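Here's the letter readout for the chains.
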Amino acid sequence: MTADMSCADDMSCADDMSCGDRPLAVRARGIEKRYGGVAALKGVDVSIPEGAIYGIIGPNGAGKSTLFDILCGITRPSGGTVDVLGMDVAAMRHHEVARRGVGRTFQRTAVFGEATVRENLLYGRYSAMGHSVIERILHGRRWRDEMAAFEDKAAGVLALCGLDRIADQPAASLAYGIQRRLAVAIMLMTDPRIIFLDEPVAGMNDAETAEFVALVRKVAVGRTIVLVEHDMAAIGELCEAALVVVDGRPVVADTPAAVFRHPEVISAYLGAEDD
């Protein structure tokens with residue numbers, strides 16, 4: 001990664017609209033978050049180029065999860081600006097953010113256990129369909145067209161996520177790591193341009209982690225990925241750059257190798273557990 005990518009001198013790009021030759025998918029400036037008299041974030045800048053896989057890390061209580069939630073529009077900042085894909089996500093409703101190309105997974109697996117894998121994908125796509133209840137009951141033309149389009153898209157997503165052979169199994173019967181892959185598949189049915197992954201490999205064994213890292217690499221083609229993660233090995237394998245947050249402030253944004261060597265990062269992680 002180049003110096004333009006890491007923006008290490010001031011933890012942000014000098015150009016407000018791009019990072020080197022790459023336009024920005026995420027541009028956040030002066031992000032603050034206060035809970036009563038407690039400052040969780042103290043003026044954080046973030047610049048993430050389009051097409052990057054970018055990590056946010058920090059020790060327990062550092063504020064990284066708060067920052068992550070602000071960037072994807074879940075939490076409103078107390079101060080500062082957040083631009084994601086040209087949108088002021090802080091001023092938008094959550095469903096509007098999702099419909100305009102922002103996808104997110106949560107640390108707790110969010111799947112419909114009694115439904116099959118394929119049915120879970122239908123739930124992910126349903127908000128984009130335009131047929132009426134009557135058309136669905138009568139199997140009208142629009143319903144048939146949309147269901148045919150769904151089947152085509154679902155087939156591609158299932159294959160990408162390695163779920164095609166178990167498409168008719170109930171989600172509740174799947175192992176934890178496979179349920180996490182299903183959560184990604186559901187999100188992909190909305191055609192996100194940027195994906196936020198909340199501790200994607202938490203609770204996985206080594207084999208599951210390796211499979212999920214491989215999946216993220218495939219999903220990242222043509223998209224921007226932002227992840228908050230406590231597994232430093234996964235950050236090192238996946239990310240072009242990572243931002244370290246300590247005590248609500250940014251410490252360094254650089255390549256994972258450079259970040260892991262930073263004295264303040266080493267000090268912050270000694271004896272600390274990630275949140």
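Residues numbered from 1 in each chain as written. Predicted model: local features only at pLDDT ≥ 70, side-chain atom pairs only at ≥ 80, totals over all residues. Heavy atoms only, no water.

As recorded in an unreviewed UniProt entry, the protein goes by the name Branched-chain amino acid ABC transporter ATPase, listed as coming from Tistrella mobilis.

1. Regarding the environment of L227
With respect to the helices, strands and loops of the structure, L227 is situated in strand β9 (residues 224-228). Put simply, L227 and R104 are 123 residues apart on the chain and 9.6 Å apart in space, counted from C-alpha to C-alpha. Setting aside residues up to four positions removed in sequence, L227 forms contacts with I53, Y54, G55, I56, F68, L197, P200, I235, L238 and C239. (Helix = DSSP H or I, 4+ residues; strand = E, 2+ residues; numbered from the N terminus. Contact = heavy atoms within 4.5 Å.)

2. So, the packing of aromatic side chains
Counted under the stated rule, the structure contains one aromatic pair. With a centroid separation of 5.7 Å and an interplanar angle of 80°, the aromatic rings of F68 and F196 are classed as edge-to-face. Residue F68 is located in helix α2 (residues 64-71), and its partner F196 is located in strand β8 (residues 194-198); the two are separated by 128 residues in the primary sequence. Judged on exposure class, the residue F68 and its partner F196 are both buried. (Phe/Tyr/Trp six-rings, centres within 6.5 Å; stacked < 30°, edge-to-face > 60°. Buried < 20%, exposed > 50% of the residue type's maximum accessible area, 1.4 Å probe, protein only.)

3. With respect to the pattern of salt bridges
Under the criterion given, the structure shown has 11 salt bridges. A salt bridge links D69 to R104; the nearest nitrogen and oxygen atoms lie 2.6 Å apart. Of the two residues, D69 sits in helix α2 while R104 sits in strand β7 (residues 102-105), which places them 35 residues apart along the sequence. With its nearest N and O atoms 3.7 Å apart, the salt bridge here joins E151 to R118. Separated by 33 residues along the polypeptide, E151 in helix α6 (residues 141-160) and R118 in helix α4 (residues 117-125) bring together distant segments of the chain. With relative accessibility at 37%, the residue E151 sits in the partly exposed group. A residue is classified by how much of its surface remains accessible, and R118, at 26% relative accessible area, is partly exposed. Counted as one network, the salt bridges with shared partners bring together D69, R104 and D198. (Salt bridge = Lys/Arg side-chain N within 4 Å of Asp/Glu carboxyl O.)

4. Points about the confidence of the model for the protein
Per-residue confidence for the protein gives a mean pLDDT of 85, with 85% of residues at or over 70. Confidence drops under a pLDDT of 50 for residues 14-18, and excluding neighbours within four residues, the segment shows nine contacts in the predicted structure. This stretch, residues 271-275, has a pLDDT under 50; its non-local contacts, to residues over four places away or in other chains, come to 18 contacts. (pLDDT = per-residue confidence, 0-100.)

5. Some words on the sheet that holds β8
Pairing within the open sheet is mixed, and its six strands lie in the order β7-β8-β9-β4-β10-β11. Two strands close off the open sheet at either side, each with one partner strand: β7 and β11 (249-254). Mean inter-strand twist for the sheet, computed between neighbouring axes without regard to direction, equals 15°. Looking at chain direction, strand β4 (residues 53-57) and strand β10 (residues 241-246) are connected through four bridges and run parallel. Paired with I56 across the two strands is L243, which belongs to β10. Contacting β7 and β8, helix α7 (residues 176-188) runs over the sheet at an angle of about 165° to β7. (Pairing = 2+ DSSP bridges. Axes fitted to C-alpha atoms, helices over the stretch in contact; angles between N-to-C directions.)

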